[in-house]
Amino acid sequence: MTGWMIIPPSDEKCPICAVEHHVDNPHDATTFYYRVLFKNQHGREATWNDAMLHCPEEIREDWTERLTKVGIDVNSPQVFGDIKSQEELDQRLAT
Ligand SMILES: [Zn+2]
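Residues numbered from 1 in each chain as written. Predicted model: local features only at pLDDT ≥ 70, side-chain atom pairs only at ≥ 80, totals over all residues. Heavy atoms only, no water.

## Some details on the layout of surface pockets
Note the threshold: Grid points spaced at 1 Å and placed over the protein atoms alone form the basis of the search, with a cavity being a set where a 1.4 Å probe fits but cannot get out and a pocket an open set showing protein on both sides within 12 Å along at least five of seven lines. Lining residues have an atom within 4 Å of a point. Grid points are joined across faces, edges and corners, and a volume is the space filled by probe spheres set on the points. Per the convention used, a helix needs a DSSP run of H or I reaching at least four residues, while a strand needs a run of E reaching at least two, with both numbered from the N terminus. For this scheme, ten residues count as nonpolar: Ala, Val, Leu, Ile, Met, Phe, Trp, Tyr, Cys and Pro. Four count as charged, namely Asp, Glu, Lys and Arg, and the remainder, Gly too, count as polar.
Approximately 340 Å³ is the volume found for the largest pocket. For the lining of the largest pocket, the secondary structure elements donating two or more residues are helix 3 (57–69) and helix 4 (86–94). Looking at the lining of the largest pocket residue by residue, the classes come out as ten nonpolar, three polar and three charged. Within this model, the second largest pocket holds a volume of roughly 150 Å³. Looking at the second largest pocket, the residues that line it are Ile16, His27, Tyr34, Leu37, Phe38, Gln41, His42, Asp50 and Leu53. In terms of residue class, the lining of the second largest pocket is built from five nonpolar, three polar and one charged.

## Observations concerning the coordination of the zinc ion
Quick reminder of the rule: The donor set covers N, O and S atoms within 2.8 Å of the metal, switching to 3.2 Å for Na, K and Ca, and it leaves out water, so a site may look short of donors. Only two sets of limits are used to name each site, 85 to 135 degrees for every angle of a tetrahedral four-donor site, and over 155 degrees for opposite donors with all other angles from 65 to 115 for a square planar four-donor or octahedral six-donor site, with any other site named irregular. Each residue is assigned to one of three classes by its accessible area relative to the maximum for its type, calculated with a 1.4 Å probe on protein chains only: buried under 20%, partly exposed between the two thresholds, exposed over 50%.
Looking at the zinc ion, one finds its protein donor set to be Cys14 (SG), Cys17 (SG), His21 (NE2) and His27 (ND1), positioned 2.0 to 2.3 Å from the metal centre. Around the zinc ion, the four donor atoms are arranged such that angles at the metal cover 102 to 125°; this shape is classified as tetrahedral. Overall, the relative accessible area of 10% leaves cysteine 14 in the buried class. Residue classification places histidine 21 among the partly exposed positions, given a relative accessible area of 25%.

Here it is as structure tokens:
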């Protein structure tokens, strides 16, 4: 084993996080692809703040607000916070 084998994402997907998203929106900090790539490049775990660095300020503020609302710290590498399931996330978003 010499290291992670990473297959590059297809053309329509973001080359950084392997998810389809608008260029102004954050990378998906939860994808395996993003996390491995980031760690290789920066030598530490990625946070939501890292995934949002390229975004316009109002989008960053909006995402920070929404992530904070569901209990996720944008400066923490725990990109799911303490959320353990999709149901739990949906519940928090609904309240
Ligand atoms: Zn991306």
